[in-house]
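# Overview (structure and organization)
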Amino acid sequence: MPGRILIVEDEEKIARFVELELKHEGYEAEKAHNGREGLDMAQTGDFDLILLDVMLPELNGLEVLRRLRRTSQMPVILLTARDAVMDKVAGLDAGADDYITKPFAIEELLARIRTALKKRDRGEELKTTVLRAGDLTMDVDRHEVTFQGQRIELTRREYELLRVLLKNKNLVLRREQLINEVCGYDYVGETNVIDVYVRYLRAKIDERFGVKVISTVRGVGYSVKEG
Ligand code: CA
């Protein structure tokens with residue numbers, strides 16, 4: 001899923017370190033060293049996410065963020081100084097998606113980046129999509145699932161599981177991936193939770209309509225195939 005990330009940070013050591021780590025993870029990364037340059041690059045470059053330091057020369061990070069938000073909803077993670085509570089509140093008010101306090105562990109930063117990109121992807125796909133597999137249709141805008149036009153009532157997690165499977169149609173999804181997508185990364189319950197929801201979905205779709213929508217791939221996970 002990697003993408004292009006803009007690092008706006010005047011402390012060259014931090015900027016360089018983050019750049020190297022991002023590239024190591026497969027992202028493309030570019031740096032800006034003050035607020036004005038950062039805003040210019042953010043507005044003209046094709047970035048997927050911005051890491052934005054708050055304390056910057058020329059234009060501070062919050063001002064960069066406010067100006068950027070007039071035209072762009074691109075994900076922004078603020079880098080704030082330790083205990084700068086006002087920064088965090090002001091940052092979220094100004095439209096930041098998240099913030100991380102310096103000094104930070106790179107693993108935590110990477111996790112926040114993944115989450116912000118995923119949230120954005122989810123937002124984009126929620127805008128327009130109708131997902132289909134054979135006679136099964138999910139209208140994401142209307143939150144409605146039908147089979148040959150007949151309405152299927154699903155709980156929130158059944159719906160979410162089916163949405164992820166349909167979105168990745170013809171791919172095999174591992175149980176852990178599905179748990180992350182459906183229950184969230186912080187889920188700590190039973191690992192067979194996905195099997196349980198698949199069983200519910202099969203009762204409501206496969207058994208009711210005499211079809212086989214969800215395939216089990218033994219030892220791996222589940223898949224929805226076209227057909
Ligand atoms: Ca700084």
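About the criteria used
Residues numbered from 1 in each chain as written. Predicted model: local features only at pLDDT ≥ 70, side-chain atom pairs only at ≥ 80, totals over all residues. Heavy atoms only, no water. Donors = N, O, S within 2.8 Å, 3.2 Å for Na, K, Ca; no water. Buried < 20%, exposed > 50% of the residue type's maximum accessible area, 1.4 Å probe, protein only. Axes fitted to C-alpha atoms, helices over the stretch in contact; angles between N-to-C directions. Helix = DSSP H or I, 4+ residues; strand = E, 2+ residues; numbered from the N terminus. Parallel < 35°, antiparallel > 145°, perpendicular 65-115°, else oblique. Contact = heavy atoms within 4.5 Å. Nonpolar A, V, L, I, M, F, W, Y, C, P; charged D, E, K, R; others polar. Pairing = 2+ DSSP bridges. Phe/Tyr/Trp six-rings, centres within 6.5 Å; stacked < 30°, edge-to-face > 60°. Lys NZ or Arg CZ within 6 Å of the ring centre and 35° of its normal.

## Section: the coordination of the calcium ion
- Around the calcium ion, the protein contributes the donor atoms Asp10 (OD), Asp53 (OD) and Met55 (O), which lie 2.1 to 2.3 Å from the metal centre.
- Look at where the donors of the calcium ion fall in the sequence and you get D-x42-D-x1-M.
- In this structure Asp53 comes out as buried when scored by relative accessible area, which is 2%.
- What makes Met55 exposed here is its relative accessible area of 61%.

## Brief notes about the packing of helix H7 (residues 175–183) against helix H8 (residues 193–209)
- Two elements in contact, H7 and H8, have axes whose closest approach is 9 Å; the angle formed by their N-to-C orientations is 75°. Comparing the axis directions of H7 and H8 gives the class roughly perpendicular. In this structure, H7 uses Arg175, Leu178, Ile179, Val182 and Cys183 to contact H8, whose residues at the interface are Val193, Ile194 and Asp195.
- Split into classes, the residues belonging to the contact of H7 with H8 amount to 6 nonpolar, no polar and 2 charged.

## Quick look at the sheet that holds strand S7 (residues 136–139)
- In spatial order, the strands read S6-S7-S8-S9; together these 4 strands make up an open sheet with antiparallel pairing. A strand with exactly one partner marks an edge of an open sheet, and here the two such strands are strand S6 (130–133) and strand S9 (150–152). In this sheet, neighbouring strand axes are inclined to one another by 25° on average, regardless of whether the strands run parallel or antiparallel.
- Judged from the 3 bridges that link them, strand S8 (residues 144–147) and S9 form a sheet pairing that is antiparallel. Bridging from a neighbouring strand, Thr146 pairs with Arg151 of S9.
- Of the strands in this sheet, S7, S8 and S9 touch H8, which is tilted by about 150° from S9.

## Points about unusual backbone geometry
- Cis geometry is adopted by the peptide bond preceding Pro103, which originates at Lys102 and carries an omega value of -5°.
- By secondary structure assignment, the location of Pro103 is in the loop between strand S5 (98–101) and helix H5 (106–128).
- A positive phi is found at Glu58, a non-glycine position, where the angle reads about 80°.

## Observations regarding the pairing of strand S11 (residues 214–217)
- Here S11 runs beside strand S12 (residues 221–224); their pairing, made up of 4 bridges, is antiparallel. What sits directly across from Thr216, in S12, is Tyr222.
- Between S11 and S12, which pair antiparallel in sequence order, lie 3 residues; one of them, Gly219, sits at a positive phi of approximately 80°.

## Looking at the environment of Thr129
- Examined against the element boundaries, Thr129 turns out to sit in the loop between H5 and S6.
- Residues Thr129 and Ala105 lie 24 residues apart in sequence; the distance between their C-alpha atoms is 37 Å.
- Once residues within four sequence positions are removed from consideration, Thr129 is found in contact with Met138, Asp139, Val140 and Asp141.

## Comments concerning the packing of aromatic side chains
- This structure, assessed with the given rule, holds 2 aromatic pairs.
- Ring centres 6.1 Å apart and planes at 70° place the aromatic pair Tyr197 and Tyr200 in the edge-to-face group. Of the two residues, Tyr197 and Tyr200 are both situated in helix H8; the distance of 3 residues between them amounts to about one turn of the helix.
- Above the face of the Phe47 ring, Arg4 is positioned so that its terminal group lies 4.6 Å from the ring centre.

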